[in-house]
Amino acid sequence: MTKKKFKNPPRFAEWILSCIYPDRGDFTSVGDFREEFFEVYQSSGPFKADLWYWMQIAKSIPSFIRNKGHWNIILFYNYLKTAFRNIKRHKGYSFINITGLALGLASCFLVTGLIIYELSYDNFHENSANIYRVNQDYTRRGRQFYESWTNHKLMQMLINDYPEIIHATRINRADSSLVSNGEKSFYERNLITVDNAFFQMFTFPFIKGDKRTALTEPNSIVITEEIASKYFPDEEPMGKLLKIDNEYDYLITGVVKNTPPNSRFQFNMAVPQKKAMYDLPWSAMSTITYIQLNPEVTADEFNRKIGDFIQKQIVEEDLQIQLFLEPLEELHLSRYAGSLRHTLYMYSLCAFAILLVACVNFINLSTACSAGRAKEIGIRKVVGAFRNNVVFQFLGESMLLSFISLFAALVLAGLLFPVFNNLINMNAAGFTFLSLMTPGVVLVMIGVAIFTGFAAGCYPAIVLSGFSPVKIIKGHLDRGSKGFALRKILVVVQFGFSIFLIIGTVVIFNQLSFMKNKEIGYNKEQIVTIRLRKGSEKFYPRFKNQLLMDSRIIKVGGISTQLPYFWECTDNNDWEGKDPDQHVVVGNCHIDYDFLETLGIELVEGRNFSRDFSTDANYFIVNETLANIMGISSAIGKRLTLVGQTGNIIGVMKDFIFWPLDSQIKPLAFMLGPDKVRFVSIRIKKENIASTLGFIEKTWKHTVPMFPFIYSFLDEDFNESFQAEESLGRLLTTFAFISIFISCLGLLGLASYTAQQRTKEIGIRKVLGASASGIIMMLSQEFTRWVVIANVIAFPVAYFVMSRWLQNFAYRTTLSLWVFILSALLALVLAMLTVSFQVFKAATDNPVDFLRYE
Amino acid sequence: MGKAKMKFLSRPEELVLLAVWRLKENAYCVPIKKQLVQSTGHDWSFGAVYDPLDRLEKKGLLESYLSDPTAKRGGKRKRIYKLTPSGIMALIEIKTITDEAWDGVPLKVLKEEL
């Protein structure tokens, strides 16, 4: 036999082998394989030898899996048994852990469900990936706006110039229309006007009719099932007529399924756009334009082409419009105009923080209890467990707990769902608990549970597995002191977060009540508002006269816009001595003679509109802000030109708030126009409001036939504008409550643990003469210190964040010291109450019980 | 008596036990494997040898110790197996049972029946 040079087997293969047989004392198997490998090498050459080696390993694997798996199952069973025993033995701690984690996971679950629901908006359309809204970057007089509205003529021009556009449609929403089929007539709020391509672009399945031709005729209408069964309960709706606003007849050419709740296109009737609205100047933005692009064209490419499309045709000076596309699927959470996006960020941040607070409990309690398990770990190590095994065991235990919590969280989330839905103020029809249980949400939650188990179990696992078995068994372990500093820090962080939330909540509610009760410049109590719908405005004078005949009605006034918001404003204005470069946006609307008196708006100068002066029709009443901007000592008698009307100013009103959330009062001018009144304000007496309302309704039915009676109270409308702030406040309250609850649970666990650890010490102290109150002081001191430190950390953060938030409001409360003191006291009292029982018990127990030798 | 109490060994276990006895001082995995290949004509994988070795050791029929490391094996030791007294007893029993069972069955007659 020729002696060939020595050769080693493939390294990687050898490594696998050593993994497969790590326990065959000192790798004899690797040696065995080498020996035979070398023989094969000598007889058949290197290639065959390598091949042989690999084959051998492949052959060994099945039996390896069989053996290993068997032992792992036994070991796993043992771990499981230990874990369950441990949960049972420490019922209190386990309860704290599971409750905390379940609360955190339930918050996460609900918030994830909400986010996934919001993300699902409008991605059910077959073409949703290729549909875009055409937006405008709109610059005028040096100011830039993001604008989702476009000009009516834009769509046709784009279609003419760009073959990439497959379909395009404009969408307008009619305010609210009176729809009738003979006797049946109702107000319908969801009438949209679109182009014929609408139903080819968006997927709203047709039950009857053809989606390609349904809206080609100008008087055709497509209705939903809901409308079909409402107006034609037992008839075939196709080909029937519907009358809209008592004026136009529409022929039903299609019936579609009801719109799903997660679509931004909520409609129950669709009619074609009117051609008449075509030619308006480019500064007029009157519709929303959607286009569907050829799938091969990307939005970026197309954006480059159409960017200055309008700019080339603009004749108006000082107006720049850049077009850009925004994908349909992103519109619901638009990055340009999205308060929803921020709200969702807030929600997820809070949910995540609560989960962290719960994890902190877990870490604290398991490291604190580690001493109790030191012996177990010691024995495991002595009988051959590697550090990995111990790490695996403890990680597994925390995973087990986190999955138990996940299960509890699902139940909890189901129970809390109605509360949550109420809290976020989203009573959308399709948003139910079952709709939350999509595979996506479930997957995310399992992921979160694994992450939680890992995050919470990581630290204890590493600390516990690091114990030296010799020390443990000899009893040298400094019991439970490991990670003590970390525990302190974590408790401080927990409480800091809770205190921050409490301060935030208090400040928000403070600000809300401040805004609601602030002098707004007019009396908003006992004002009933009724809207004059299209066609009913001509009945206003009769209605008003009939009302005034009753003594319960104090005053009736009318205005052309909705209170408490004044929507209309214009920068088309001029006055004597105005600096031509000055840019002022002036709110403007029409009122009748009695409006100012009805609302109780005071005049500081001049007089109200009066029936005695026929020229008042051209005159103005302005607010103090506008008078100040005009910069003249007295505005009375000055000429003002506003939206084409020129006349003198006859009165100056005291400033009042006409945009409840605005950062400052804007200039405003009133013109006289009793015939332009669209909203009636009725001041009624404080007494017997119900009977007064009954009277108003009777009068309305009597004088304004055919129109339903719909009213609201001005102060309620006013308060409704704080909805976003209120829901933020409610949300923070809930999260603050959950967070402080979990923190207190954790503190309870730590307190009972500390008391238990220090029983001997306390016993000795008492024997040597310490009083119960002294012991209580001593034990409480420690917890108090943590909470105080938490306060010190939370204060500046809360101050910074909340004063930033308050900047959003023109009228804001001050961040007074008492808010902070109150929050600090609240946290402190809660913490003290939590630990008091344990502390009290430790201080009053008979020392003999602890000091006796076992 | 003793016969009735004997646990049956599987065929590979029996062969491995026999191989260990034959090889004496040199009874570690590689030669055992060679022996088995030789006597059965089948190709035996290492796993197929380790497995009965482990089982026999657990049953107390074999015991093992580690030799000194050699360079040829990449510095790894050999695990050398040795029969325990009950291992030898087992061999004796197998031999006796087999011989008794086959008594009076001549190979020639069997082959003729084919």
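Residues numbered from 1 in each chain as written. Chains lettered and ligands numbered in written order. Predicted model: local features only at pLDDT ≥ 70, side-chain atom pairs only at ≥ 80, totals over all residues. Heavy atoms only, no water.

A. Examining the overall build of chain A more closely. Regarding its fold elements, chain A presents 26 helices and 25 strands. Accessible surface computed for chain A: about 41,500 Å², of which carbon and sulfur atoms make up 59%. (Helix = DSSP H or I, 4+ residues; strand = E, 2+ residues; numbered from the N terminus. Areas by Shrake-Rupley, 256 points an atom, 1.4 Å probe, with all protein chains shown as cover.)

B. Focus on helix α17 (residues 540–548) of chain A. For α17 of chain A, the set of buried residues is Y540, F543, K544 and L547 of chain A. Axial view of α17 of chain A: buried residues confined to an arc of 100°, hence all on one face. (Buried < 20%, exposed > 50% of the residue type's maximum accessible area, 1.4 Å probe, protein only. Arc of directions from axis to C-beta.)

C. Focus on the packing of aromatic side chains. All names here are of chain A. Going through the model one piece at a time under the given rule, you end up with 27 aromatic pairs over all chains. A ring pair is formed by F199 and F206, whose centres lie 5.0 Å apart and whose planes are at 85°; its orientation type is edge-to-face. Using a relative accessible area of 2% as the deciding quantity, one classes F199 as buried. Centre to centre, the rings of F543 and W700 are 5.2 Å apart; their planes meet at 85°, and the pair counts as edge-to-face. Highlighted residues: F543 in helix α17 and W700 in helix α20 (residues 689–703), separated in sequence by 157 residues. (Phe/Tyr/Trp six-rings, centres within 6.5 Å; stacked < 30°, edge-to-face > 60°.)

D. Just helix α12 (residues 387–423) of chain A, in detail. Under the 1.5 Å per step criterion, the end-to-end length of α12 of chain A is only 47 Å for 37 residues, more than 12% shorter than the ideal 54 Å. At L416 of chain A, α12 of chain A shows its largest kink, close to 55°, and the proline P418 of chain A lies no more than four residues downstream. (Expected span 1.5 Å × (residues − 1). Bend = angle between axes of the 7 residues up to and from the residue.)

E. Region of interest: the interface of chain B and chain A. The partner chain A presents 22 residues to the 22 residues of chain B that form the contact. Of the roughly 2,000 Å² buried between chain B and chain A on both sides combined, carbon and sulfur atoms contribute 48%. The largest contributions to the chain B side of the interface with chain A come from F46, Y50 and K72 of chain B, which together make up 30% of the buried area. Summed over the shared surface of chain B and chain A, the result is two salt bridges. Between K33 of chain B and E36 of chain A there is a salt bridge whose closest N-O contact spans 2.6 Å. The interface formed by chain B and chain A holds three residue pairs in polar contact (both at pLDDT 80 or more) in total. When residues in the side of chain B that touches chain A are grouped by element, the largest group, five residues, is from helix α4 (residues 46–59) of chain B. In the side of chain B that touches chain A, the residues fall into eight nonpolar, three polar and 11 charged. (Contact = heavy atoms within 4.5 Å. Buried area = accessible area lost by both parts, 1.4 Å probe. Salt bridge = Lys/Arg side-chain N within 4 Å of Asp/Glu carboxyl O. Polar contact = N/O pair within 3.5 Å; in protein donor to acceptor, adjacent residues only side chain to side chain. Nonpolar A, V, L, I, M, F, W, Y, C, P; charged D, E, K, R; others polar.)

F. Broad picture of the pattern of salt bridges. Taken as a whole and judged by the stated rule, the model has 26 salt bridges over all chains. Put simply, D99 of chain B and K95 of chain B hold a salt bridge, and the shortest N to O gap is 3.0 Å. A residue pair is termed a helical-turn pair when its members lie 3 or 4 positions apart in one helix, as D99 of chain B and K95 of chain B do in helix α5 (residues 85–102) at four residues. Through salt bridges with shared partners, one network takes in K544, D592, D594 and R611 of chain A.

G. Spotlight on the confidence of the model for chain B. Residues and elements named next belong to chain B. On average, residues of chain B carry a pLDDT of 83, and 94% of them reach 70 or more. For chain B, per-element mean pLDDT is lowest for helix α1 (residues 2–5), which scores 46, and highest for helix α2 (residues 11–23), which scores 89. At the level of chain-chain contacts, confidence expressed as ipTM amounts to 0.76, with global pTM at 0.66. (pLDDT = per-residue confidence, 0-100.)

H. View of a nonpolar patch on the surface. Residue and element names in this part refer to chain A. Nonpolar side chains collect at one region of the surface, where F403, F407, L410, V411, L415, L416, V419, L434, M437, V442, I446 and I450 lie side by side and expose about 1,100 Å² of accessible area between them. Among the elements that take part in the nonpolar patch, α12 stands out by supplying seven residues, more than any other. Mapped onto the secondary structure, I450 falls in helix α14 (residues 439–465). On the basis of relative accessibility, which here comes to 39%, the residue I450 falls in the partly exposed class. (Patch = residues over 30% accessible without salt bridge, like charges linked within 9 Å, V, L, I, M, F, W, Y side chains within 5 Å.)

I. Expanded view of the pairing of strand β23 (residues 668–672) of chain A. All names here are of chain A. In terms of burial, β23 is a largely internal element, five of the five residues being buried. Residues L668, F670 and L672 line one face of β23 and the alternating positions A669 and M671 line the opposite face, and both faces are buried. One ladder, built from five bridges, connects strand β18 (residues 586–591) with β23; its direction is parallel. If you follow G587 over to β23, its bridge partner there is L668. Here strand β20 (residues 620–623) pairs with β23 via three bridges, running antiparallel. Looking at β23, one finds that V622 is bridged to A669. (Pairing = 2+ DSSP bridges.)

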